[in-house]
Amino acid sequence: MPHMPHAMQATALLHLLQFASPALPVGGYSYSQGLESALENGIVKDAASARGWIVEHLHLVVARWEAPVCWRLMRAFAARDEAALVLWSERFLASRDSAELRAETIQMGYSLTKLLMELELPDPAPVAWLRAQPEVALPAAYAGAVAALGIPHEAALLGMLFSWAENHVLVCVKSVPLGQVAGQRLLLSLNPELEAAARHARELPDAAMSNWSPGLSLLSMQHEIQYSRLYRS
């Protein structure tokens, strides 16, 4: 990675903190990605089971599919490789195997794209590509934001993973429930797991990528008919 001046590093970091937040700008806090269904079924019930769920979901699902796809989309934007952008965007949308998970990524992708359209960006070309797509998944919109704002890819990938983990911990704090200190302790304990997941996502070859997670898919489908829900997935 080329050396950047201190001011540029600070600007990129601030952009990353804004766009990776689960609260803003896309409303990630309103989704649990099957975790609420796991709580309903008693799979997650305390701090230990919450950490087990998050770590397993991270390594078996996110590090093998969502994060590698996001990494490839960031590289495709940087290379102006439209064929790769279309390929990985379409594959990610096709991988959403419940109505809720598909609606989640499209809604957040739309929200982030809409925000980018209203900003003055150093590089508007990625946003022009996003605007031309009939549906935009969140990883594509996030990768477009990274390209448009010149955020370093490795930092952006870690930011995406931390945002995902933070949102899951927040769900546990509100719904297990866990105390604030227990939630912070849990989030801090995940740092080595997030670093390992980022390395795995960067190094994983295409042929080894997989979104195979039948248990999570079933929980997501059950959530669609769950009687009492706080979250949209």
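Here's what I pulled together on the structure shown here. Only a predicted model underlies this, so the values are computations on that prediction, with no experimental measurement involved.

Of the regular secondary structure elements, the protein chain holds eleven helices and zero strands. Over its C-alpha atoms the protein chain spans a radius of gyration of 17 Å, differing by no more than 12% from the 17 Å that the globule rule assigns to 233 residues. Seen through its principal axes, the protein chain has C-alpha atoms that stretch 45 × 35 × 35 Å. The buried share among the 233 residues of the protein chain stands at 51%.

What follows is about helix 11 (residues 214-223). Among all positions of helix 11, only Leu-216, Ser-217, Leu-219, Ser-220 and His-223 are buried. For helix 11, the angular spread of buried residues about the axis comes to 165°, placing them on one side. As for helix 11, its buried residues are in contact with helix 2 (35-40), helix 3 (47-79) and helix 5 (99-117).

With that out of the way, let us pick up the nonpolar core. Most often, soluble globular proteins have nonpolar side chains that are buried together. The biggest cluster of nonpolar side chains holds 75 residues, and the ones touching the most others in it are Tyr-142, Leu-157 and Leu-161. In terms of residue count, helix 3 provides more of this core than any other element does, 17 residues in total. In contact with Leu-161, not counting residues within four places along its chain, are Leu-58, Val-62, Ala-67, Leu-194, Ala-197 and Ala-198.

Where helix 9 (residues 180-189) contacts helix 10 (residues 191-203), the axes come no closer than 4 Å and their chain directions differ by 35°. Contact residues: Leu-187, Leu-188 and Ser-189 in helix 9; Asn-191, Pro-192 and Glu-193 in helix 10. Residue classes in the contact of helix 9 with helix 10 are distributed as three nonpolar, two polar and one charged.

Turning our eyes to something else, we now look at the packing of aromatic side chains. Taken as a whole and judged by the stated rule, the model has one aromatic pair. A ring pair is formed by Phe-77 and Trp-129, whose centres lie 5.7 Å apart and whose planes are at 90°; its orientation type is edge-to-face. In this pair, Phe-77 is assigned in helix 3 and Trp-129 in helix 6 (residues 125-131), connecting sequence segments 52 residues apart. Each member of the pair Phe-77 and Trp-129 is classed as buried. Arg-72 extends its terminal NZ or CZ atom over the ring of Trp-88, reaching a point 5.5 Å from the ring centre. Between the NZ or CZ atom of Arg-96 and the centre of the ring of Phe-92, over which it lies, the distance is 4.3 Å.

Turning our attention to helix 3. When the local axis directions of helix 3 are compared, the greatest deviation, roughly 65°, occurs at Val-62. Its side-chain oxygen at 3.4 Å from the backbone nitrogen of Ala-48, Asp-46 defines the N-terminal cap of helix 3. Residue Arg-80 follows helix 3 closely and has a positive phi angle near 55°.

It is worth spelling out the packing of helix 3 against helix 8 (residues 153-175) at this point. Between helix 3 and helix 8, whose axes approach to 10 Å, the crossing angle comes to 150°. The hand of the helix 3/helix 8 crossing is right-handed. Counting all contacts with helix 3, which are made through Ala-50, Trp-53, Ile-54, His-57, Leu-58, Val-62, Glu-66, Ala-67, Trp-71, Met-74, Arg-75 and Ala-78, the residues of helix 8 involved are His-153, Glu-154, Ala-156, Leu-157, Met-160, Leu-161, Trp-164, His-168, Val-169 and Cys-172. Here the contact of helix 3 with helix 8 is built from residues that sort into 16 nonpolar, three polar and three charged.

On to unusual backbone geometry, then. Between Val-176 and Pro-177 the backbone carries a cis peptide bond, its omega angle lying at -5°. Following the sequence through the fold, Pro-177 ends up in the loop between helix 8 and helix 9. Positive phi, close to 55°, is recorded for Gln-33, a residue that is not glycine. Secondary-structure assignment places Gln-33 in the loop between helix 1 (6-19) and helix 2. Positive phi outside glycine occurs at Arg-80, with the angle close to 55°. Residue placement: Arg-80 occurs in the loop between helix 3 and helix 4 (82-94).

Relative to the assigned elements, Leu-121 resides in the loop between helix 5 and helix 6. C-alpha separation for the pair Leu-121 and Ala-148, spaced 27 residues apart in sequence, amounts to 6.1 Å.

Calculation rules
- Residues numbered from 1 in each chain as written.
- Predicted model: local features only at pLDDT ≥ 70, side-chain atom pairs only at ≥ 80, totals over all residues.
- Heavy atoms only, no water.
- Helix = DSSP H or I, 4+ residues; strand = E, 2+ residues; numbered from the N terminus.
- Rg over C-alpha atoms; globule rule 2.2 N^0.38 Å.
- Buried < 20%, exposed > 50% of the residue type's maximum accessible area, 1.4 Å probe, protein only.
- Arc of directions from axis to C-beta.
- Contact = heavy atoms within 4.5 Å.
- Core = buried A, V, L, I, M, F, W, Y, C linked by side-chain atoms within 4.5 Å.
- Axes fitted to C-alpha atoms, helices over the stretch in contact; angles between N-to-C directions.
- Nonpolar A, V, L, I, M, F, W, Y, C, P; charged D, E, K, R; others polar.
- Phe/Tyr/Trp six-rings, centres within 6.5 Å; stacked < 30°, edge-to-face > 60°.
- Lys NZ or Arg CZ within 6 Å of the ring centre and 35° of its normal.
- Bend = angle between axes of the 7 residues up to and from the residue.
- Polar contact = N/O pair within 3.5 Å; in protein donor to acceptor, adjacent residues only side chain to side chain.
- Left-handed = near helix turned anticlockwise from the far one by under 90°.

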